[in-house]
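Commentary on secondary and tertiary structure
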Number of protein chains: 4
Amino acid sequence: MIRVGIAGGAGYTAGELIRILANHTAVELRYIQSESHKGEAISSVHGDLLYLPLSFSDIDFSDIDVLFLCLGHGNSAKFLAENPVPESVKIIDLSNDFRLKADAGEFVYGAPELNREQIRTARCVANPGCFATSINLALLPLAAAGMLPEDVTVTGITGSTGAGQKPTQDTHFSNRAANLSNYKVFTHQHLGEIGETVVAAGGSATTDIAFVPVRGCHTRGIMSDVVVRLDASLEQIADVFKKYYATHPFVCVSDKPVYMKQVVNTNYCFLSLQMQGRKLLITSVVDNLLKGASGQAVQNMNLMFGLDEMEGLRLKASYF
Amino acid sequence: MIRVGIAGGAGYTAGELIRILANHTAVELRYIQSESHKGEAISSVHGDLLYLPLSFSDIDFSDIDVLFLCLGHGNSAKFLAENPVPESVKIIDLSNDFRLKADAGEFVYGAPELNREQIRTARCVANPGCFATSINLALLPLAAAGMLPEDVTVTGITGSTGAGQKPTQDTHFSNRAANLSNYKVFTHQHLGEIGETVVAAGGSATTDIAFVPVRGCHTRGIMSDVVVRLDASLEQIADVFKKYYATHPFVCVSDKPVYMKQVVNTNYCFLSLQMQGRKLLITSVVDNLLKGASGQAVQNMNLMFGLDEMEGLRLKASYF
Amino acid sequence: MIRVGIAGGAGYTAGELIRILANHTAVELRYIQSESHKGEAISSVHGDLLYLPLSFSDIDFSDIDVLFLCLGHGNSAKFLAENPVPESVKIIDLSNDFRLKADAGEFVYGAPELNREQIRTARCVANPGCFATSINLALLPLAAAGMLPEDVTVTGITGSTGAGQKPTQDTHFSNRAANLSNYKVFTHQHLGEIGETVVAAGGSATTDIAFVPVRGCHTRGIMSDVVVRLDASLEQIADVFKKYYATHPFVCVSDKPVYMKQVVNTNYCFLSLQMQGRKLLITSVVDNLLKGASGQAVQNMNLMFGLDEMEGLRLKASYF
Amino acid sequence: MIRVGIAGGAGYTAGELIRILANHTAVELRYIQSESHKGEAISSVHGDLLYLPLSFSDIDFSDIDVLFLCLGHGNSAKFLAENPVPESVKIIDLSNDFRLKADAGEFVYGAPELNREQIRTARCVANPGCFATSINLALLPLAAAGMLPEDVTVTGITGSTGAGQKPTQDTHFSNRAANLSNYKVFTHQHLGEIGETVVAAGGSATTDIAFVPVRGCHTRGIMSDVVVRLDASLEQIADVFKKYYATHPFVCVSDKPVYMKQVVNTNYCFLSLQMQGRKLLITSVVDNLLKGASGQAVQNMNLMFGLDEMEGLRLKASYF
């Protein structure tokens, strides 16, 4: 059994990790740490887990095999500086602290569809961002094929859980319900990851991605609509996508237009392609908390420990 | 023109008041006070009012005819103590500070369907609570007819705007969306108003109201389902209701079951009656911010100034 | 491996069954029948199952161990009359055709918390209705203890999936969103099941249940608020509930008020109790498609085949 | 008083027209025609209008001054062929039958911000489409200034009411809630109107608009995000927009990013501009049923009859 510790156990990504790992046959949940909730039952925060007899505690790093860091962005590096984790413990960080090459150190960027082999042997993995995952998976095949144009335009619509558990005006129900708004237009922090992923796949460092993030009036899920203008046929492009993802179990290239609820509460990314003249739309849908966060983190754990990549991740879609 | 001042201008009920009064032909919006937003444009808080050239300011009490108090519960009495308002200025308070007889002083309980004549001559009016309005209007005809049984059971489902503008876990979109929960079960603060209204109408002081307030996953609107067991025919009861409300323009007794969106973004209360054997369901729907707050406040202002009761309140329902 | 056939495979309850059984370690999905979609891929209807290489087909009854009937109400009896199912095949019917004693024949009412031992040995099980499950579980302990009063008032708020896949005005998004309405007031068809369950548990045949079903503006989940007036202490009542459900893994009696999203996308029923004076509120939350339909059907299958009652049903809550 | 007839009175746009015109001081609602509901009360379809004593009837064309056609697309031309309307009656058509130059005949394209003077003297007006209105208003200033680039990329997210009152799988609550999907990708029927508007304003006939329409999980409102790459400063562009709309009362160019609920249940279009390097985002929000349909139709009526352009259209935003 893989002994697991989770730091920052009261947040949304930690909650999803616990929900997944509680049913993962190769895992034993040993420590779920939370400074603000120490000693309380897990269910005091994650209310569905009433039947799970676990409480928030400190982590005994000598008694775990893998540490998930679910701390806020900027806090992972600090946590690791303050808490010496033995070399024998693998680390999967869900923040953006180690994703960029300039920050990575020994961390491998945990996109299995780009870096699966490096992840298998990594000690430390930086789990990608939710928007980054959604957009990376739309761009990777074209970048790898040298077919990605310079100008890329992306509208990505995300659910409120991407903003975490802290109540703000942007996540206030009276404001958010039945509303739509843009934020961080052209400047979202995931653009760094996405740019580096395009280059790592073989694309150009000068790719210009106009990314408009949209706050949707739903809780879970991202739909990214990527528009490029391209001289190629839909058949050629579909072929490129299907070949690229042939061996990746969590990415499905659909022959029909995809929609967001196909993947909500699952670890899948569904992609579809539509074309008219030179205009190509690539649509990518993921659950921001699963393939966009905790699900992908478990996928990475599975790879790092030599398990079936899908173990614990055959989740029933909520679908409705 | 009636010169209006609003204290506590940044909250939800103030926003609704401004939206209504900006189009009220007999009103001039003179002062909209907000401590936290003084000097800012109204639209910095109430984002739809981009075209309204007004800013938050202090109130010159010598330059207004009526003062609306949209302060938080408990703050109205304090505000009046600190700000001497001339006798010539009428006051309409939207908090619960003066609703109960024990607190009222010169304040009249502003339920036009109970106290219309007193409101016409009142200087000060305590505007009823949103749940209270919804439930009062369901109970008044039976209470007045001496037909209200001792045991009353009410489930009232309310939108998030009833909780105001301050973000909390209960109004956090990720929690509230697609969710239902109860709160203040059997102990909601509006029970006091409701009990006094029943008595004022002629009902019994020992009426036992089991009230379960429910947080719905919508923003605007209350549906109250009132169940009693009663020895009378549906025809008799319908007759009692229709007679009671015959002269009240904002209450409609429907022959078909009512639903909440019939009244959202209007000042109406719609009621319907359904019966089987001795079991009677009275359904009452209102918009919590309008008939349940700011709309009724303007209705009271109209009465206090001798205007058409509906002036400024012929609002287009949003309906969808 | 238990070989499974599903009749009526295109509906919502069938979709949920397929989602659950595709991951059930003791089950082989053999035949998913649909007249209207014969020959099409499962994913043409259940869009999330893009990766599941199954198509709609006829059922070879000699090649299955259990048959799930997911046909519309009234069609199960007809289907069984037209399709001779061998005695060796167990049957679990999700319609209301065989739930009432007068219709049951050899069908056992499939409420594990009432009839677990009979279900273990039954060939045919009539799976309870969604509202019935929610309300039964709120009433059973009191009925069994002889403590259930004559007058019971229930408001049950349900999601749109309870109405199935056929688009109507009541499930039209423009009507349903941000709306609330009542339906089948005091006459809902599940009242029959509920009444028989109360009696079977030891309660009175004259219990008068005033049930107001409410259409909520969410897709999944039921919250039932049951109000009774009772001479007993909260401690006594809590004790009755906890003892009753001590051995039932899918029912949790919570010390804190429950809310609907605790159980959405799970097979759990969570219950809570609140009291003031003689007024008792029992709140019961279930997912109408799982504990209220397909999840409970699999729970019954597990019992009928001697498996762990929870097998295949340790589902990750969607929670948000 | 302007005597009004409405053909196709049972649909959503007719409902909104009735709601607006019932409070329009210069209008008398004379005839609301519906084949399927003839003789029924208006409120049998438009449930909020319980207090409006009107019924569906045939239209006496000799007794009206203006006819609104709220029939389905393709049915307006047919209706006019079958029903000879006197020359003295003005016509406002809400379908797409007469919007394109090739179909227009004597119909003027009813975009006041493009054709206000022609509308004032027109007998017949073709009211623009909802997406067309939203996108036209984002493109007009740049097109008129000769600054609109060849490649334009638009994502427009719309509410369910745009699809009308007929229930379908796409508007089925269980499907639509908390979901996102694209439709008519690059081929939406409003592209014709938009292209002609760009040209009429002075733009290029070869402008290539990549338009991705998105079904949002809300009922009312459109947010269109228009991305272009452009060599100009944000100040220059903002100046172009503000000058263009200086005299148009229903279009506001905001200095802060706009969001959809600012305009829901109003006749306004709010626009905002954001830029980074050469990338420009123009965001345009409208209510699809008002500025995108019935509100704009009344705006056109006001212009055609020499009334204040805003008469009857100072609507209280629902905002929440």
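Residues numbered from 1 in each chain as written. Chains lettered and ligands numbered in written order. Predicted model: local features only at pLDDT ≥ 70, side-chain atom pairs only at ≥ 80, totals over all residues.

Here's the deal with the environment of Lys261 of chain C
All names here are of chain C. When you line up the elements, Lys261 lands in the loop between β11 (251–253) and β12 (269–276). Here Lys261 falls in the buried class, since 29 other C-beta atoms lie within 10 Å of it. In sequence terms Lys261 and Ile157 are 104 residues apart; their C-alpha atoms lie 13 Å from each other. (Helix = DSSP H or I, 4+ residues; strand = E, 2+ residues; numbered from the N terminus. Buried ≥ 20, exposed ≤ 12 C-beta atoms within 10 Å, placed from the backbone.)

Topic: the relation of the copies chain B and chain A
In screw terms, the move from chain B to chain A is a rotation of 180° and a rise of 0.0 Å along the axis, fitting with an RMSD of 0.0 Å. The symmetry that links the two subunits is that of a two-fold axis. Nearest to the rotation axis, the C-alpha of Phe173 of chain B is located 2.2 Å from it, this being the minimum over chain B. When the interface residues of chain B are mapped onto chain A, 100% of them again lie at the interface, so the same face is used by both copies. (Least-squares fit on C-alpha atoms with pLDDT ≥ 70 in both. Contact = placed C-beta atoms within 7 Å.)

Comments concerning the interface of chain B and chain A
Contacts between the two partners involve 12 residues from chain B and, on the opposite side, 12 residues from chain A. Here the side of chain B that touches chain A is composed, by residue class, of 3 nonpolar, 8 polar and 1 charged. (Nonpolar A, V, L, I, M, F, W, Y, C, P; charged D, E, K, R; others polar.)

Comments concerning the pairing of strand β4 (residues 90–93) of chain C
Residue and element names in this part refer to chain C. Of the two faces of β4, the one carrying Lys90 and Ile92 and the one carrying Ile91 and Asp93 are both buried. The pairing of strand β3 (residues 66–69) with β4 spans 4 bridges and is parallel. Within the sheet, the bridge partner assigned to Val66 lies in β4 and is Lys90. (Pairing = 2+ DSSP bridges.)

Here's the deal with the domain arrangement of chain A
Residues and elements named next belong to chain A. Domain boundaries assigned for chain A yield domain 1 (2–127 + 292–304) and domain 2 (130–286). The straight-line distance from the C-alpha centre of domain 1 to that of domain 2 is 25 Å. Every contact between the two is made by 15 residues of domain 1 and, on the other side, 23 residues of domain 2. Contributions of two or more residues to the side of domain 1 that touches domain 2 are made by α4 (112–121) and α9 (294–304). A class-by-class count of the residues in the side of domain 1 that touches domain 2 yields 6 nonpolar, 6 polar and 3 charged. (Domains from an automatic or database assignment.)

Describing the interface of chain A and chain D
Listed by partner, the interface residues are 33 residues for chain A and 33 residues for chain D. A class-by-class count of the residues in the side of chain A that touches chain D yields 15 nonpolar, 13 polar and 5 charged.

Some points on the confidence of the model for chain A
Any residue range with low pLDDT should be treated as having predicted coordinates unsuitable for detailed reading. Per-residue pLDDT for chain A has a mean of 98; in total, 100% of the residues score no lower than 70. Of the two predicted TM-score estimates for the complex, the pTM is 0.98 and the ipTM is 0.97. (pLDDT = per-residue confidence, 0-100.)

A short note on the nonpolar core
If you look at the biggest cluster of nonpolar residues, it comprises 432 residues, and the most contacted ones within it are Phe68 of chain A, Phe68 of chain B, Phe68 of chain C together with Phe68 of chain D. Filtering out sequence-adjacent residues up to four positions away, Phe68 of chain A remains in contact with Val4, Ile6, Leu17, Ile92, Leu94 and Ala297 of chain A. (Core = buried A, V, L, I, M, F, W, Y, C linked by C-beta atoms within 7 Å.)

Section: the relation of the copies chain A and chain D
Superposing chain A onto chain D takes a rotation of 180° plus a shift of 0.0 Å along the axis, which leaves an RMSD of 0.0 Å. When the interface residues of chain A are mapped onto chain D, 100% of them again lie at the interface, so the same face is used by both copies.

A look at helix α5 (residues 130–144) of chain C
Residue and element names in this part refer to chain C. Compared with an ideal rise of 1.5 Å per residue, which puts 15 residues at 21 Å, α5 spans 21 Å between its outermost C-alpha atoms and is within 8% of the ideal. Considering bend angle alone, the principal kink of α5 is centred on Asn136 and spans about 35°. Most of α5 sits out of view: 14 of its 15 residues are buried. (Expected span 1.5 Å × (residues − 1). Bend = angle between axes of the 7 residues up to and from the residue.)

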